[in-house]
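Working through the structure, step by step
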Amino acid sequence: MLDIRDLKVAYDEVPVIHGVSFKVNEGEIVSIVGSNGSGKTTILKTIAGLIKPMEGRIFFMGEDITALPPFEVVRRGISYVPEGRRVFSKLSVKENLLLGAYPIKEEEKVKELFESVLEIFPRLKERLNQKAETLSGGEQQMLAIGRGLMSDPKLIMIDEMSLGLMPKLVERVMEAVLEIKRKGKTILLVEQMVEEALNISDRGYVLQTGRIVLSGTGKELLESDMVKKAYLGL
């Protein structure tokens, strides 16, 4: 579904991603894990069209989308849930969700997507008329993911969804990701909480200073000496 080939990205001509290549197959949960500052978010922003790479190509469903603007990337079927949630704080939960459906023209389809999101996140159903700023951190994360699902993406990319959440809420959003997969979506995660992310992932990639240094199934990576030592404190 997604094929990243030799991606090189720079900020102010300073390289931060050095020839990264990886693939995401349809129906998978794939995680890119690593420490803060390793370049994980930069990769997602580049796929989303928010940053233009120096070199390399991005293919989605067989189409080269490297040069597409962000709104065209969304129309192709990629949704990006950014780090820090970025909900519209003064708008209600319902208004936030409906804004995510802007590429969908059929009213019935929007209604169907809306009900599907509330099925995954029943807490949001209880908060529909509340302003987003009044929600807890965990509820805002649910809202951000739900808004990302409202464009009916083929691939949803979620950036650091555990950031600032209590362990119990991290477990809840990880369960939600599995539910999203069961509903037929493909998911690319970027996450600092390595163990939690790899536990739910089909495959994963370890990123260090802009380079992929290890890849494998979630289980293989959790059992690797490098991951145990560098990220799990074992």
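Moving on to the overall build of the protein chain. Helix and strand counts for the protein chain stand at ten helices and ten strands. Computed over the C-alpha atoms, the radius of gyration of the protein chain is 17 Å, within 12% of the 17 Å expected from 2.2 N^0.38 for a compact globule of 234 residues. Dimensions of the protein chain, computed from the C-alpha atoms along their principal axes, are close to 45 × 40 × 30 Å. Sorting the 234 residues of the protein chain into buried and exposed places 52% on the buried side. By sequence separation, contacts in the protein chain at least 24 residues apart represent 66% of the contacts at least 6 residues apart. A total accessible area of about 11200 Å² is found for the protein chain, and carbon and sulfur atoms account for 50% of it. Across the protein chain, the centroid of the 33 positively charged side chains sits 2 Å from that of the 34 negatively charged ones.

Taken together, the four strands give an open sheet; going across it, the order is E2-E1-E4-E5, and neighbouring strands pair in antiparallel fashion. Edge positions in the sheet fall to strand E2 (14-24) and strand E5 (63-64), since each has one partner strand and no second. Sheet topology places strand E4 (residues 55-60) next to E5; two bridges connect them, and they run antiparallel. Within E5, the residue paired with Phe 59 across the bridge is Asp 64.

A separate point is the layout of surface pockets. With a probe scaled to a water molecule rolled over the atoms, the places where space remains empty come into view. Reported here for the largest pocket is a volume of approximately 520 Å³. Taken together, 20 residues form the lining of the largest pocket, with Val 74, Ser 79, Tyr 80, Pro 82 and Arg 147 sitting closest to its centre. Of all the secondary structure elements, the ones that give two or more residues to the lining of the largest pocket are helix H2 (70-76), strand E6 (78-81) and helix H6 (137-149). Of the residues in the lining of the largest pocket, the class split is 13 nonpolar, four polar and three charged. By volume, the second largest pocket amounts to about 200 Å³.

Turning our attention to the side chain of Ser 31. On the secondary structure map, Ser 31 appears in strand E3 (residues 29-33). By relative accessible area, which is 0% here, Ser 31 ends up buried. Side-chain polar atoms of Ser 31 contact the side chain of Ser 201, separated by 2.6 Å. In contact with Ser 31, other than residues within four places in its own chain, are Leu 189, Ala 197, Leu 198, Ser 201, Arg 203, Gly 204 and Tyr 205.

Attention shifts here to the sheet that holds strand E7 (residues 155-159). Pairing is mixed across the open sheet formed by six strands, whose spatial order is E6-E7-E8-E3-E9-E10. Where the open sheet ends on each side, the last strands, each with one partner, are E6 and strand E10 (211-217). Pairwise comparison of adjacent strand axes, ignoring direction, gives a mean angle of 15 degrees for this sheet. Alignment of E3 against strand E9 (residues 203-208), held across four bridges, turns out to be parallel. Paired with Ser 31 across the strands is Gly 204, a residue of E9. Most of the contacts of H6 go to E6, to which it runs at about 165 degrees, and overall it touches E6 and E7. Its contacts with the sheet put helix H7 (residues 167-182) on E3, E7 and strand E8 (186-191), and the angle it makes with E8 is roughly 155 degrees.

Cut-offs and rules
- Residues numbered from 1 in each chain as written.
- Predicted model: local features only at pLDDT ≥ 70, side-chain atom pairs only at ≥ 80, totals over all residues.
- Heavy atoms only, no water.
- Helix = DSSP H or I, 4+ residues; strand = E, 2+ residues; numbered from the N terminus.
- Rg over C-alpha atoms; globule rule 2.2 N^0.38 Å.
- Buried < 20%, exposed > 50% of the residue type's maximum accessible area, 1.4 Å probe, protein only.
- Contact = heavy atoms within 4.5 Å.
- Areas by Shrake-Rupley, 256 points an atom, 1.4 Å probe, with all protein chains shown as cover.
- Lys, Arg positive; Asp, Glu negative; His and termini not counted.
- Charge placed at Lys NZ, Arg CZ, Asp CG, Glu CD.
- Pairing = 2+ DSSP bridges.
- 1 Å grid on protein atoms, 1.4 Å probe; cavity = no way out; pocket = protein on both sides within 12 Å on 5 of 7 lines; lining within 4 Å.
- Points joined across faces, edges and corners; volume = space filled by probe spheres on them.
- Nonpolar A, V, L, I, M, F, W, Y, C, P; charged D, E, K, R; others polar.
- Polar contact = N/O pair within 3.5 Å; in protein donor to acceptor, adjacent residues only side chain to side chain.
- Axes fitted to C-alpha atoms, helices over the stretch in contact; angles between N-to-C directions.

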